[in-house]
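# Residue-level structural notes
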Amino acid sequence: MPSADRYFSPDPAQRKIARELFTGITDLPLVCPHGHVDPQLFADPEYQFGSPAELLIIPDHYVFRMLYSQGVPLDAVGRRRTDGTPGESDPRKIWQTFADHFYLFRGTPTGGWLRDEFAEVFGIEEKLTSDNAQQIYDRIDAKLQSEAFQPRRLHEQFNIEVLCTTDMATDTLEHHQAIRESGWQRPILPTFRPDDVVLIDRPVWPQNIERLRELTGESVGDFASYLRALQARRDFFRDMGAKATDHDCANAYCGRLSVSDASAIFDRALRGKADDNDAEAFRGHMLMELAGMSVEDGLVMQMHVGSYRNHNGPFFEAFGPDTGCDIPTATEYTRNLRPLLCEFGSDSRFALILFTLDESNYARELAPLVGHYPALKLGPPWWFHDSFHGMRRYFDQVMETAGIYNTAGFNDDTRAYPSIPARHDVWRRACADWVAGLLVRGMIDDDDAQAMMRALVYELAKQAYRLD
Amino acid sequence: MPSADRYFSPDPAQRKIARELFTGITDLPLVCPHGHVDPQLFADPEYQFGSPAELLIIPDHYVFRMLYSQGVPLDAVGRRRTDGTPGESDPRKIWQTFADHFYLFRGTPTGGWLRDEFAEVFGIEEKLTSDNAQQIYDRIDAKLQSEAFQPRRLHEQFNIEVLCTTDMATDTLEHHQAIRESGWQRPILPTFRPDDVVLIDRPVWPQNIERLRELTGESVGDFASYLRALQARRDFFRDMGAKATDHDCANAYCGRLSVSDASAIFDRALRGKADDNDAEAFRGHMLMELAGMSVEDGLVMQMHVGSYRNHNGPFFEAFGPDTGCDIPTATEYTRNLRPLLCEFGSDSRFALILFTLDESNYARELAPLVGHYPALKLGPPWWFHDSFHGMRRYFDQVMETAGIYNTAGFNDDTRAYPSIPARHDVWRRACADWVAGLLVRGMIDDDDAQAMMRALVYELAKQAYRLD
Amino acid sequence: MPSADRYFSPDPAQRKIARELFTGITDLPLVCPHGHVDPQLFADPEYQFGSPAELLIIPDHYVFRMLYSQGVPLDAVGRRRTDGTPGESDPRKIWQTFADHFYLFRGTPTGGWLRDEFAEVFGIEEKLTSDNAQQIYDRIDAKLQSEAFQPRRLHEQFNIEVLCTTDMATDTLEHHQAIRESGWQRPILPTFRPDDVVLIDRPVWPQNIERLRELTGESVGDFASYLRALQARRDFFRDMGAKATDHDCANAYCGRLSVSDASAIFDRALRGKADDNDAEAFRGHMLMELAGMSVEDGLVMQMHVGSYRNHNGPFFEAFGPDTGCDIPTATEYTRNLRPLLCEFGSDSRFALILFTLDESNYARELAPLVGHYPALKLGPPWWFHDSFHGMRRYFDQVMETAGIYNTAGFNDDTRAYPSIPARHDVWRRACADWVAGLLVRGMIDDDDAQAMMRALVYELAKQAYRLD
């Protein structure tokens, strides 16, 4: 069902060029420098996915948040409550509920990804309906149990050159170890995400600090020891192949505290006495510390900024985090990032990739910032904006001021492994259509167009994440 | 003069599809769930409009604000001053002034609406100029005095299935009573707008509270009695067919006060002692109370957020409110609406439709919010954004994340009754063009396209306002 | 190399109309009411430009900020450090560095301007590469030393009807004097920019106040004398042909102080005792004073709002101001400008042109404001937004609400004199493409289209700056 020219302009001249540009890069492998795929998939060479519902619906907040917005309880799509109440356990019923509501995804990226994934990964060309739901379930289920659908096989079929996972600072990286030891050659690299040991207002912070002690042998009883423990974990991640760190930032605030102030907050946090102001100040200071560590150890720093987590309080109580009720907020970068950029932004050893949920900053703050600071790159459209029109707004508002070479190419940021080709396909087609638009308007020439395509879909991601 | 393909893409493939999609829905009646038409038009079966100037210029702030911005005094278009000084009284002079400045509306929605209204309602195909102004005046004037231009006749000609007015909480709804008693079958439904009894900083608040006493028999001497009086008025409106309430919100702040704090502010307000902080806190609390009432009585809640009223102080002194000097402000929704959404946003009995003047929220806060909370829908582009390109930005920035089914379709929000078909025509054509764009890029299929069109121009408005 | 149809839609119908509209206005002279060209170019009839690097690279922050963002030190492009260390002195080496990095400008406005300037001013059709860099250097260098490239000759070739420079309040305007005395007929007009005598937190303020004393004979020892001195300078500028003033505003705040408060701050500033709050309050008050002066003397007021100057602290220390590290910030207009607009916004003697770096205000605050206040006009896309897609966003978000007649046409705002035709060319083509888009969608008719083109590229700028 997916058209060979999907996402391309209807104008014949532009479409022809877009098709040629797209065809010119289809052989390039996929580079996946940031995402949330479970490394366990690759640790066991014979790993098999679960049911279609377990693979495609239960874990995908894009899918179940849309159903919830139209009145479908999360229990009906198999989500377990925090009090232990299980959700619907019959994957066929879950699948039927999904099919009955599939019309909700008309014109959405989720609808497009699923359509393309069905067609190109599972060989299913029909549109999912209430009537054909069980028959399509059977076909997907059969595929999932075949050897060809073992993740390592799919990895080769998808032609993924490198894939980075996202891992807690206290993760033992056992699956990454197993992958290494298995001798499998495709790189699956960890990413150092220390939120749960840095954000002192997280309920899980104390237990993660305890875990940090166990893993590093540091006392973590004072700030200096805490910093040493973090560095030890970074070193371990780097030894395991990590190229980058990642930081969840409610806002972009950063700024140095005196060592004594930082130490005092850390002590209060250990004693459970830190307040909200402490948490904000400590987070801002730690971004400076972590940037300083990146300068030294070369790990590329990523900041994902501006999500108000768990917005729907009662719903969060019932179903826990990452269940589709995180909501973006307006974000300020120019003033907030200044301390970090003044200190590190011109250091050639440093690399910072920014992700925003506030598109009003594309043209206003972010494109001008990345167009000046050598260490700074802008990440691709993120989360709610990772869609065809989201990409068009990004190209439109970022590229003229920043230049494409100050951006970080694409990453799919997905948990849903089999959706990876579909997500890169949207980006590649959106790039082809945008570059073709510049060419057909005489703003660039043929050579520019081909070089830009190659950069956008392959080279920039590798360069930004220091993967080459 | 208006082209049969107006607003459609020039691309032949997209234009052909847009035309077919548009043709496919032209027989659907108009649904008008929110607007400011005077119900008196329909109370008297033989109602006749006044002069062309009285109908088309003097009451239309879109029109006279543009003239004013280019130096035409409001007196010259017939606006009376607050001190009683009448404006220009000769409707032909007013009309000539308008015609002399008609070029100012080039490329504006007002220019398009008027062109289409002239052609399709009045049968005037020529463009208005200084030279033909008086001749066109004569032709419109003659039409307005014909029986075919009685509002009830136009209503049938326009094929309006249902029209909702906007009425103060203290309105006796006498015109709605008269319409009912006349036995006329087309529903003209009131909407409960309690701003003048809820916003304690409005100069008219005391007299409206007094009126509330008279109408309800409640003492309204304390907060509890005040709430009972409001509920009594809601009940009356509901008995008269109301489906919705409407609230003018300078910002989106809401939050509960303790009963004693709310009561204390109410008491201060009665004594004329409430300050600005009181007014803000009381407004925020009342949104919670009103949402709670909606849960119980089923009236759909509308919030129109973000207008700085009467921005030009001296001008407001001279000409009063609603004279074209309200200016939008930046608005925050994620934090401000959270208390209301946590309490009511997942309640299937509740329905809230949001309207924004700050488009930077479309993709950032609003699409993600309506894509999660079952009770929340996003209203169509409002006021300054109710234009062809405003609609395109709305489709572009909202729909991929929210899905069309979390939006509320269209409403014309107009005071200018004969402009209703022209306004819906722009929406319908903009929808056809947008959906055709998705189809021609292979993002949806034919069935999707037709279902989306029907939803966008007819079904969603009925569902969101519980009109079916 | 530049296509004759560059920037036009690929759709054949729209392209044909755009080409016709563009052709219809190519004979109109360029109007340049705001920019930063050095008047010295015209004072000496035989003025010759320096080397290609001195003309095109060393002074152009658009160029060297892009190189810097990719790791090229500013020294390598010939910028002198504030400590006196000279940059690279060989213009051929600088040129080679530029050519080696020319790919960075793919798809950027700088890339387009340079391409068109090379072709149309210097007759160079090839794209600049590392290989042909020195050969192209030779060809440009030869041109620059020819008589045809004397600025007065170019001025006539470019068909510039009027060009306004930007000059400090304490400038003696000696070059403007010399131009006048030479009898050359093309108007080169000064613009009064008093930032360095108004912004009391600028380090250069004391010496500029001293200079103000010398130039005016006023004591400038108190606030009243200071205001007299400013008025004296305005009178001088007006005598020298100035039509406008210009003000750099970190934000849009304005508001009156009492005379005694303003005087007290001024006194503290003279004694070096003013703090940041004083500076903000004084700036806000002075905007009111300066607007009042404009009402009396008729100079058009310009406000350029929202730049965070010298964001990269260490870099600013090393290289000084205007070196590409100014970054936009979010800006609020509705509340901030209200005092000024309430007092002067409806006065027909007053004219204020606003420039924004925060596009989220186009549709939200600015289009509604200029669509009401007679004295207010919106300036064209500025700085980071002066690009083809920036112009499209401006047309899209401003014009329907504001109407084109509440905008100020185009100005090139450039320091780079030979780039003027290329910059106007982008605007003219973007206008033609946008107007053609309205026409081909049936939103305007042929007469509208031609009138709008003429207004956008010629008339509006002259009217807004009172040049006719």
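Please refer to the structure placed before this passage.
### With respect to the overall build of chain A
- A tally of helices and strands in chain A yields 20 helices and eleven strands.
- Compactness check: chain A gives a C-alpha radius of gyration of 23 Å against a globular reference of 23 Å for 468 residues, within 12% of the reference.
- Projected onto the principal axes, the alpha-carbon positions of chain A cover approximately 65 × 60 × 45 Å.
- Split into buried and exposed, the 468 residues of chain A put 66% on the buried side.
- At a minimum sequence separation of 6, the contacts of chain A that also span at least 24 residues come to 76%.
- By element, 47% of the accessible surface of chain A is carried by carbon and sulfur atoms, the whole surface being about 15700 Å².
- The positive charge centre, built from 49 side chains, and the negative charge centre, built from 71, are 1 Å apart in chain A.

### What to know about the interface of chain C and chain B
- Residue-level contacts link 40 residues of chain C with 50 residues of chain B.
- Interface area lost by chain C to chain B is led by His372(C), Glu400(C) and Arg441(C), which between them contribute 22%.
- Here chain C and chain B share six salt bridges between them.
- The shortest N-O distance in the salt bridge between Asp448(C) and Arg106(B) comes to 2.9 Å.
- Between the two partners, chain C and chain B, sit 28 residue pairs in polar contact (both at pLDDT 80 or more).
- Take the side of chain C that touches chain B: its biggest share by element is seven residues, from helix α17 (residues 360–370) of chain C.
- Its residues assigned to classes, the side of chain C that touches chain B comprises 17 nonpolar, eleven polar and twelve charged.

### A few points about the relation of the copies chain A and chain C
- In the superposition of chain A on chain C (RMSD 0.0 Å, axial shift 0.0 Å), the rotation amounts to 120°. Here the two chains are linked by the operation of a three-fold rotation axis.
- Little of the interface of chain A is mirrored in chain C, where only 5% of its interface residues again form contacts.

### With respect to unusual backbone geometry
- Unusually for a residue other than glycine, Trp383(A) sits at a positive phi of about 60°.
- As for its placement among the helices and strands, Trp383(A) is situated in the loop between β11 (376–378) and α18 (388–402).
- With a phi angle near 75°, Tyr7(B) is a residue other than glycine that sits in the positive phi range.
- Structurally, Tyr7(B) can be placed in the segment before α1 (12–25).

### Details of the environment of Leu337(A)
All names here are of chain A.
- With respect to the helices and strands, leucine 337 occurs in the loop between β9 (327–328) and α16 (338–344).
- Relative accessible area serves as the criterion here: at 0%, leucine 337 is assigned to the buried category.
- Distance in space between the C-alpha atoms of leucine 337 and leucine 114 is 37 Å, their sequence separation being 223 residues.
- The residues contacting leucine 337, other than those within four sequence positions of it, are Ala252, Cys254, Met303 and Leu354.

Here is what the cut-offs are and how they apply
- Residues numbered from 1 in each chain as written.
- Chains lettered and ligands numbered in written order.
- Predicted model: local features only at pLDDT ≥ 70, side-chain atom pairs only at ≥ 80, totals over all residues.
- Heavy atoms only, no water.
- Helix = DSSP H or I, 4+ residues; strand = E, 2+ residues; numbered from the N terminus.
- Rg over C-alpha atoms; globule rule 2.2 N^0.38 Å.
- Buried < 20%, exposed > 50% of the residue type's maximum accessible area, 1.4 Å probe, protein only.
- Contact = heavy atoms within 4.5 Å.
- Areas by Shrake-Rupley, 256 points an atom, 1.4 Å probe, with all protein chains shown as cover.
- Lys, Arg positive; Asp, Glu negative; His and termini not counted.
- Charge placed at Lys NZ, Arg CZ, Asp CG, Glu CD.
- Buried area = accessible area lost by both parts, 1.4 Å probe.
- Salt bridge = Lys/Arg side-chain N within 4 Å of Asp/Glu carboxyl O.
- Polar contact = N/O pair within 3.5 Å; in protein donor to acceptor, adjacent residues only side chain to side chain.
- Nonpolar A, V, L, I, M, F, W, Y, C, P; charged D, E, K, R; others polar.
- Least-squares fit on C-alpha atoms with pLDDT ≥ 70 in both.

No statement about biological role is implied by the geometric values presented.
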